[in-house]
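Observations on the model geometry
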Amino acid sequence: MSDDNLFELKAVAKRFKKGKETISIFDDLNMTIKRGDFLAIMGPSGSGKTTLLNLLGGVDQPTGGEIVFDGARIDGLSEGDLAKWRANNIGFIFQFYNLMPMLNAAKNVELPLLLTSLSSKQRQQRVDTALQLVGLADRAKHMPSEMSGGQLQRVAIARAVVSDPKLLLCDEPTGDLDRQTADEILEMLQLLNREFGKTIIMVTHDPAAARHATHTLHLDKGQFVGKDEPELQEKSA
Amino acid sequence: MSLLAQSSAVIGMNIKSLPRRLWMSLAMVLASAVVVAVLLAFLAMAKGFEATLQSAGQEDVAFFIRTGSAAELNSSVMKEQVDLLREAPGIASDENGKLVSPELYVIVDGTKRSSGTDANIPLRGIEQQGLALRNNFKIVQGRLFTPGTDELIVGEGVLRQFEGFELGKEVRFGKNRWTVVGVFSTGGNVFESELWADAKVIQTLYNRGSSYQSVRAKLTADARLEDIQAYIKNEPRLNQEVQTEANYFAVQGEGLSYMAIFGRVISAVMALGALAGALNTMYTSVSDRAKEIATLRAIGFSNLSAFIGTMAEALVLALFGGVLGALAAFLLFDGLSASTLGGSFTQVVFSFEMTGQLVMQGIWLALFIGFISGFFPAWRATSVPVAVAFQSRG
Amino acid sequence: MKDLYLVYKNLTRKKLRLFLTSFAIFIAFLIFGAVTALQGALNSGVEMSADNRLVVFNKINFTQSLPYAYVNKVSGIEGVNQVTFANWFGGYYQEPANQVVTMAVDPDSYFEVYSELVVAPEQKANWLQNQAGVMVGERLAKVNNWQIGDRIPVSSNIFSNKNGGQTWDLVVEGIFTASDPQVDTGYMVFHYKYFMETQSWGGDYVGWIVLTTDDPALNEQVANAIDESFANSQAETDTSTEKAFNKAFIEQIGNIGLIIFGVVFMAFFTILVLVGNTMVLAIRERTGEIAVLKTLGFSSPRIFRMILTESCLLAFIGGLLGLGAAYLVVGALSQMMARFLPNLVLGPDIVLQALGYMLLLGLITGIAPAYQALRLNIITAFARG
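Cut-offs applied
Residues numbered from 1 in each chain as written. Chains lettered and ligands numbered in written order. Predicted model: local features only at pLDDT ≥ 70, side-chain atom pairs only at ≥ 80, totals over all residues. Helix = DSSP H or I, 4+ residues; strand = E, 2+ residues; numbered from the N terminus. Rg over C-alpha atoms; globule rule 2.2 N^0.38 Å. Buried ≥ 20, exposed ≤ 12 C-beta atoms within 10 Å, placed from the backbone. Contact = placed C-beta atoms within 7 Å. Axes fitted to C-alpha atoms, helices over the stretch in contact; angles between N-to-C directions. Parallel < 35°, antiparallel > 145°, perpendicular 65-115°, else oblique. Left-handed = near helix turned anticlockwise from the far one by under 90°. Nonpolar A, V, L, I, M, F, W, Y, C, P; charged D, E, K, R; others polar. Core = buried A, V, L, I, M, F, W, Y, C linked by C-beta atoms within 7 Å. pLDDT = per-residue confidence, 0-100. Pairing = 2+ DSSP bridges. Expected span 1.5 Å × (residues − 1). Bend = angle between axes of the 7 residues up to and from the residue. Arc of directions from axis to C-beta. UniProt positions renumbered as here; feature names shortened; annotations may be inferred.

What follows covers the overall build of chain A. The helix and strand inventory of chain A stands at eight helices and ten strands. Here the C-alpha radius of gyration of chain A, 18 Å, is about what a compact globule of 237 residues would show, namely 18 Å. Each of the 237 residues in chain A was classed as buried or not, and the buried ones make up 48%.

Structure representation (structure tokens):
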């Protein structure tokens, strides 16, 4: 395996038991994500997009197969180790922002830094930088209830990058936004990808959003379909 | 839609969704139930105690004890003084002569059923006229003591709270042995907390010579206490003071009225605490449904009907709790026999009395709690602009 | 702790709810503190009893007297160390409502037997020399504002003075204090001999006898020996330890006390249940936020701790304020009711007990939602939100 690979999924299976029936989401899923990718994953509801994102984000465990991140397996890690791993490596961006309503923008951005050993001064600097990056330095003291959807998502992005993770996972990041605001958010993600080298994986069902990515994968019934197969991209790249 | 129809639609919806908010609803019911039960417990106690002491004292009975002695226990009256008091103005007679009862009052030990420890019981020495003075006196088991013998009769309250006083039992106080030959009732008042025996026998057994401790006298309809006071003042051989028996018992019960005040203060403070709990519950419950309420208002329900609906919910829950609390208080406390230290270091036995009037007080309190805890949250829910209510998620 | 800010923000996010919850807890602990102090005041006589002190009463009842000759007989019994005796006087000052607990005692031995009472030697010497002298307890002196040298007319509601009337003129010769604040000093004592010589009935009896034994282990043996030696005499005796006697006296207040305290404590716990319910619900509302924190990488134990810290903080905010208020109320009451209820103090044992309940409230209300958060599956939490 090459050092270029950030993520490798090998024969990953995910099944749920629902009553007596076993529902299989993935049987044999294989994929490789390289450092610096901006990957969009598209697919209809029930195709397994969210489950895949959960597996990649380390909030869910596969029933079978291997998930290798940066050369180390993460499947089978304990819950506590996974939490540490997430804190160190992943930035999350959600459809509904998921900001803490009782904290102002700066304090929301600071949350992931509470998991580090940084001093409060260092944390403050990082927060300021992150907010500047998303263009909200002047809104640091605003509460979530005082901000628009686009602003909220930018705070969420600041929160996702503040601890400088290798990977950003975005779950429908523009699903709740109008077209123009959505484009602003997507451009910001592109910037993070190009200028700061962040690997980004984005689940969306909006083709316009997917166009901002460097590659797109189509997921249907637990399988990748269409010409944008990751192996093909790898060869062509 | 009329306001009435709108309101009843909202109320119906709220009540149907109560089970969904089960814990919240239960908390509200519990808050109201506890406040009502605590209040009623104290009121029933005060009521029972009042009934016991008040019904003992009669307005038309004059009560004589030695000046300054404050209670029968400390008082003394010589035989000659009794004879003098017999001649006081305004004293009624019956076929046996003047209705005057010289009495003795000794304290003896009895063993309490509840704790197994000893507590004080008054042993009253009494004569025929003393029985005639007590309106409600009747023997409910056995017979009256025979004068001149070591027989005694026991009040129903003593029988209830103390062991070893059953009919036919022999009881020992120090060296003295007595036989219980009867059980008497005086209509639930404080005399039922006593043992009665022949005054002459007690004089002998307790070395009292021919002296007594108190004198009771039935007054004629036109008798005046002032005349008796003047009579005593002009008779140097008398060192007694006179008051109505009712007054004596009222003063004796004063110490325990503190208990009632204590109860009221505690239940009032406690009600405040529970009220805070109830308010909290209703606020949470209403904010839980902020969206539902906003939806109703958006589709044209009036603010007032939404308000009424929320109020009704609070009232129903509080009322339910109040009824539950009253019922619990009734089952736990009504008729509960209690005893405590009355005047003269002796035990007063009384029963908690839960009257319909008290229960009504409890229900009113519950409605008050419901009103307060419904009003403010309902007000808030219906004064928020619809659009704002929709924005706030969850 | 870096998370304290988060805890604080969670706690204060709904000011009204914080206020109402704290207020309910405040009330609960206010009542708890006040009522427990009251209960303690009633029981303090029992707590403060000396281990080796026995009291001898007439078997009929403690209001009946004993022959004076018993005093000497009791002191001759093996195992008895010191003996003193007392007589109830039934005193009041100026008016009958203003009762003053007064006893006629043997001046030579009384303070020997009640060794926890502290008397200045020169005051005691003065008292021994003055027949009409009286030693006043510190608290009683304070209530009535009596000083050494004051001449106080004390009346009895039982006895008459030979000179006519029921009033004795006594002179305050000393003020005794106690080695422990819980010991009652709300009474006064004067010469037994003087009392017997001046009261109109005369007589040769004492109210009760108090003695100390050589060793608490001998208590039962001594008590039996005393009661046996007076069996079948004109006045049989009942000897018990001071502790047992005080306890029995308290119990005379009867099941009414039990009922009242029972009702109050039931209500105390119900308020806590109510508050607990709201606290549990308040945290359960935040399931979605907890899921987000977990996703960001906050570990489950850390979130568990945060929630417990929050619920404990809430319990202590209201609880400590309530306990503080109880302290003030008890302080004020003990001033007002010094006459009826000596020893009304909110002592450290009550504080500790209350702190225990606060911690318990915090832990119990926190543990359910905290445990839920610990077990919370992030995926299902998102599906719900």
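Here the focus is the overall build of chain C. Helix and strand counts for chain C stand at 14 helices and 13 strands. Compactness check: chain C gives a C-alpha radius of gyration of 29 Å against a globular reference of 21 Å for 385 residues, more than 25% above the reference. Seen through its principal axes, chain C has C-alpha atoms that stretch 95 × 45 × 35 Å. Within chain C, the proportion of its 385 residues that are buried is 46%. Within chain C, contacts between residues separated by at least 24 positions form 81% of all contacts whose residues are at least 6 apart in sequence.

A few words on the packing of helix α2 (residues 22–54) of chain B against helix α12 (residues 356–383) of chain B. Residue and element names in this part refer to chain B. The geometry of α2 relative to α12 is characterised by a closest axis approach of 9 Å and an angle of 150 degrees between their N-to-C directions. Taken together, the axis directions place α2 and α12 in an arrangement best described as roughly antiparallel. In this structure, α2 crosses over α12, and the sense of that crossing is right-handed. For the pair formed by α2 and α12, the contact residues are Ser-32, Val-35, Val-36, Leu-39, Leu-40, Leu-43, Ala-44 and Lys-47 on the first element and Leu-358, Gln-361, Gly-362, Leu-365, Ala-366, Ile-369 and Gly-370 on the second. By residue class, the composition of the contact of α2 with α12 is ten nonpolar, four polar and one charged.

Of the residues lining the interface, 42 residues belong to chain C; the matching set on chain B comes to 45 residues. At the level of elements, α2 (15–47), α9 (242–251) and α10 (255–284) of chain C are the ones that each hand at least two residues to the side of chain C that touches chain B. The biggest single contributor to the side of chain C that touches chain B is α10 of chain C, with 15 residues. Residues that form the side of chain C that touches chain B fall into these classes: 24 nonpolar, 14 polar and four charged.

Taken together, the contact pairs 16 residues of chain C with 18 residues of chain A. Breaking the side of chain C that touches chain A down by element, the ones donating at least two residues are α1 (4–11), α11 (287–296) and α14 (378–384) of chain C. For the side of chain C that touches chain A, the leading source of residues is α11 of chain C, giving five residues. Classifying every residue of the side of chain C that touches chain A by side-chain character gives five nonpolar, five polar and six charged.

A separate point is the nonpolar core. Counting 249 residues, the largest nonpolar core has Val-35 and Leu-40 of chain B together with Ile-31 of chain C as its most contacted members. No other element matches the 22 residues that α2 of chain B contributes to this core. Each residue touching Leu-40 of chain B, except ones within four places of it in the same chain, is listed here: Ala-326, Ala-329, Met-354, Leu-358 and Gly-362 of chain B. Counting residues in hydrophobic clusters, the runner-up holds 49 residues, among them Val-56, Val-83, Val-136 and Val-172 of chain C.

Take the confidence of the model for chain A next. Across chain A, the average pLDDT comes to 85, with 94% of residues at or above 70. Counting contacts from residues 229–237 of chain A, a segment whose pLDDT is below 50, to residues more than four positions away or on other chains yields nine contacts.

Okay, the packing of helix α12 (residues 300–336) of chain C against helix α13 (residues 348–375) of chain C next. Residue and element names in this part refer to chain C. At a minimum axis separation of 7 Å, α12 and α13 run at an interaxial angle of 150 degrees. Considered as vectors, α12 and α13 are oriented roughly antiparallel to each other. In the packing of α12 onto α13, the handedness of the crossing is right-handed. Of the residues belonging to the contact of α12 with α13, the class tally is 20 nonpolar, six polar and one charged.

Looking now at the sheet that holds strand β1 (residues 5–18) of chain A. Residue and element names in this part refer to chain A. The sheet built from four strands is open, its strands ordered β2-β1-β4-β5 with antiparallel pairing. At either end of the open sheet lies a strand with only one pairing partner, and these are β2 (21–34) and β5 (72–73). In terms of strand pairing, strand β4 (residues 64–69) meets β5 through two bridges, oriented antiparallel. Its bridge partner being in β5, Phe-69 is matched across the sheet by Ala-72.

Right, let's get into α13 of chain C. Residue and element names in this part refer to chain C. In this model α13 runs 39 Å from its N-terminal to its C-terminal C-alpha over 28 residues, within 8% of the 40 Å that 1.5 Å per residue would give. A maximum bend of about 35 degrees is found in α13 at Ile-367, where proline Pro-369 lies one to four positions downstream. Among all positions of α13, only Ile-350, Ala-354, Met-358, Leu-361, Gly-362, Thr-365, Gly-366, Pro-369, Ala-370 and Ala-373 are buried.

Successive residues of a regular strand alternate their side chains across the two faces of the sheet. Residue and element names in this part refer to chain C. Here strand β6 (residues 117–118) runs beside strand β9 (residues 167–178); their pairing, made up of two bridges, is antiparallel. Note that in β9 the partner of Val-118 across the bridge is Thr-177. Summarising the sheet, strand β7 (residues 133–137) and β9 pair through five bridges and their orientation is parallel. Its bridge partner being in β9, Gly-137 is matched across the sheet by Phe-176.

Let us look at the sheet that holds strand β10 (residues 223–225) of chain A. Within a beta sheet, neighbouring strands are joined by backbone hydrogen bonds and run either parallel or antiparallel to one another. Residues and elements named next belong to chain A. Across the sheet, six strands lie side by side as β6-β7-β8-β3-β9-β10; this open sheet has mixed pairing. Whereas interior strands pair on both sides, the edge strands pair on one side only; in this sheet they are β6 (90–93) and β10. If you compare each strand with its neighbour and ignore which way they point, the axes differ by 25 degrees on average. As defined by bridge partners, strand β9 (residues 215–220) adjoins β10 across three bridges and the pair is classed as antiparallel. Residue pairing across strands places Asp-220 opposite Gln-223, the latter belonging to β10.

So, about the environment of Phe-173 of chain B. Summarising the element assignment, Phe-173 of chain B is placed in strand β9 (residues 170–173). Taking the C-alpha atoms as reference, Phe-173 of chain B lies 20 Å from Phe-184 of chain B; in sequence the two are eleven residues apart. For Phe-173 of chain B, the residues in contact, after removing those within four places along its chain, are Val-108 and Asp-109 of chain B together with Ile-60 of chain C.

On to helix α2 (residues 79–89) of chain A, then. Here α2 of chain A has its buried residues at Leu-82, Ala-83, Arg-86 and Ala-87 of chain A. Seen end-on, α2 of chain A carries its buried residues on one side only, within an arc spanning 135 degrees.

Turning our eyes to something else, we now look at the UniProt feature "transmembrane region" (unreviewed entry) in chain C. Residue and element names in this part refer to chain C. Under the feature "transmembrane region" (unreviewed entry), the UniProt entry names residues 256–283, 303–330 and 350–374. Secondary structure across residues 303–330 divides into 100% helix and 0% strand, with the first and last C-alpha atoms of the span separated by 40 Å. Secondary structure content for residues 350–374 is 100% helix and 0% strand, while the C-alpha to C-alpha distance between its ends is 34 Å.

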